[in-house]
Amino acid sequence: MSITPTFAVPPSFLGTERSDRAAAICVAGIPYDLGTSNRPGTRFGPAAIRQASRMLVDGDHPLDWADPTRLDLADIGDFEIAHGDIQESLAKIEAQAKGLNHLVAFGGDHTVTLPLLRALTPRTGPLALIHFDAHVDTWPDSFGQRFGHGSPFFHAIEEGLVDPRRTVQIGIRSPMQKSVHDWTAGKGVTILFAEDIHEHGPKGAAERIRSVAGDAPAYLTFDVDTLDPAFAPGTGTPEIGGLATWQAQAILRRLKGLDFRGMDVVEVSPPYDHAEITALAAATIAWEYLAVLAPR
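Each value, and the rule that gives it
- Residues numbered from 1 in each chain as written.
- Predicted model: local features only at pLDDT ≥ 70, side-chain atom pairs only at ≥ 80, totals over all residues.
- Heavy atoms only, no water.
- Axes fitted to C-alpha atoms, helices over the stretch in contact; angles between N-to-C directions.
- Helix = DSSP H or I, 4+ residues; strand = E, 2+ residues; numbered from the N terminus.
- Parallel < 35°, antiparallel > 145°, perpendicular 65-115°, else oblique.
- Contact = heavy atoms within 4.5 Å.
- Nonpolar A, V, L, I, M, F, W, Y, C, P; charged D, E, K, R; others polar.
- Salt bridge = Lys/Arg side-chain N within 4 Å of Asp/Glu carboxyl O.
- Buried < 20%, exposed > 50% of the residue type's maximum accessible area, 1.4 Å probe, protein only.
- Core = buried A, V, L, I, M, F, W, Y, C linked by side-chain atoms within 4.5 Å.
- Expected span 1.5 Å × (residues − 1).
- Pairing = 2+ DSSP bridges.

Looking at this structure, how should I read the packing of helix α1 (residues 45-52) against helix α8 (residues 277-293)?
Helices that pack against each other are described as a pair by the angle of their axes relative to one another and the distance between those axes. It is at 8 Å that the axes of α1 and α8 come closest, and there the two elements cross at 75°. As judged from the angle between their axes, α1 and α8 are roughly perpendicular. Residues Ala 48, Ile 49 and Ala 52 of α1 touch α8, and the partners they reach there are Ala 279, Leu 280, Ala 282 and Ala 283. Split by residue class, the contact of α1 with α8 holds seven nonpolar, no polar and no charged.

Got a minute to help me understand the pattern of salt bridges in this structure?
Think of it this way: side chains of opposite charge can pair up when their charged atoms draw near. Here the structure, examined in full by the defined rule, presents 16 salt bridges. Close ionic contact of Asp 78 with Arg 50 constitutes a salt bridge, the shortest N to O distance being 2.8 Å. Here Asp 78 is found in strand β2 (residues 73-78), whereas its partner Arg 50 is found in helix α1, with 28 residues between them in sequence. Put simply, Arg 70 and Asp 67 hold a salt bridge, and the shortest N to O gap is 3.1 Å. Under the relative-accessibility criterion, Arg 70 is labelled exposed at 69%. One salt-bridge network, held together by shared partners, links Arg 18, Asp 20 and Asp 72.

Where do I start with the nonpolar core in this structure?
Ranked by internal contacts, the top residues of the largest apolar core, which has 54 residues, are Val 104, Ile 130, Phe 132, Ile 170, Leu 243, Phe 260 and Leu 290. Beyond its immediate sequence surroundings of up to four residues, Phe 132 is in contact with Ile 170, Leu 220, Thr 221, Phe 222, Asp 223, Thr 226, Leu 243, Ile 251 and Leu 252.

I keep staring at unusual backbone geometry and nothing clicks. Help me out?
Of the consecutive residues Gly 107 and Gly 108, the connecting peptide bond is found in the cis state with omega at 15°. Structurally, the position occupied by Gly 108 is in the loop between β3 (103-107) and α3 (113-124). Look at Trp 65: it is not a glycine, yet its phi comes out positive at around 60°. Considering the arrangement of structural elements, one finds Trp 65 in the loop between α1 and β2. With a phi close to 55°, Ala 275 is a non-glycine residue in the positive phi region. Position of Ala 275 relative to the elements: it lies in the loop between β8 (259-266) and α8.

Just checking my understanding: could you explain α8 for this structure?
Working note: α-helix, 3.6 residues per turn, so residues spaced by three or four point in the same direction. With 17 residues, α8 ought to run about 24 Å at 1.5 Å a step, and its terminal C-alpha atoms sit 25 Å apart, in line with that. For α8, a buried count of 14 out of 17 residues is recorded, marking the element as mostly surrounded by other parts of the structure.

It is not clear to me how the sheet that holds strand β7 (residues 217-223) should be interpreted in this structure. Could you clarify?
In sheet architecture, strand pairing relies on hydrogen bonds along the backbone and comes in two forms, parallel and antiparallel. Spatial ordering of the open sheet is given by β2-β1-β3-β8-β7-β4-β5-β6, a layout of eight strands whose pairing is parallel. Two strands close off the open sheet at either side, each with one partner strand: β2 and β6 (190-193). Pairwise comparison of adjacent strand axes, ignoring direction, gives a mean angle of 15° for this sheet. Pairing of strand β1 (residues 25-30) with β3, which is carried by five bridges, proceeds in the parallel orientation. Looking at β3, one finds that Val 27 is bridged to Val 104.

Now the structure itself:
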């Protein structure tokens, strides 16, 4: 008799049994939500994403027949954070991300992208940034907090971690001060509002992303609130009018060939989710990213 329950896979991402840091691609959870400004709960995101990924293990990608589970992939567990201490948590995240060949990270709130970029750019130089989000996240502070989930890309630009002229933000639609928009655009960031995607479609968005990123080493960060709350209710700062899951998938599938060096999926907050809708969307976005990387 099998010791594995029926319909179950190991509790890692895509059921992978490998857990060492030497893998070509490492998956790690970052159960951190100290930077959240509205509804907390993203510390539970990594576990929910892994749980939802069990739906993705029974076949190849239906368009190019890549199988992400055949990659040199390891789930190395969750990063340690310093409970209640933002600065020490960011330092710990950066230290644990350093030296990994290629990291796929599950947040956690969007603050975690900043230390991940700090860990990666000493090897790559300033990165092209492909940023899916409802919010620009370039406020100089987040509700009075210097390092919060509304400010990671203000700091990333100021610290030279990303090249703003090779940065594109997709799905933006939240309220923002005009000064924040003007600072962001003035640095050279390309902003694709959600309405741009609805009007011109995924193909047009992907073409713009490719033209902005070019051949530079690139990083993908996917805030699940770029999706409309109808498709991702389980997040802390939902904004109506967002992307449908099919739009996000269609854009990602057209980014094959970009020089990706890492990615994260953030802002999944299971306490506000229903029937794993948001967790499954996040897990599938990571699966789609791996399919972009995978050979046929």
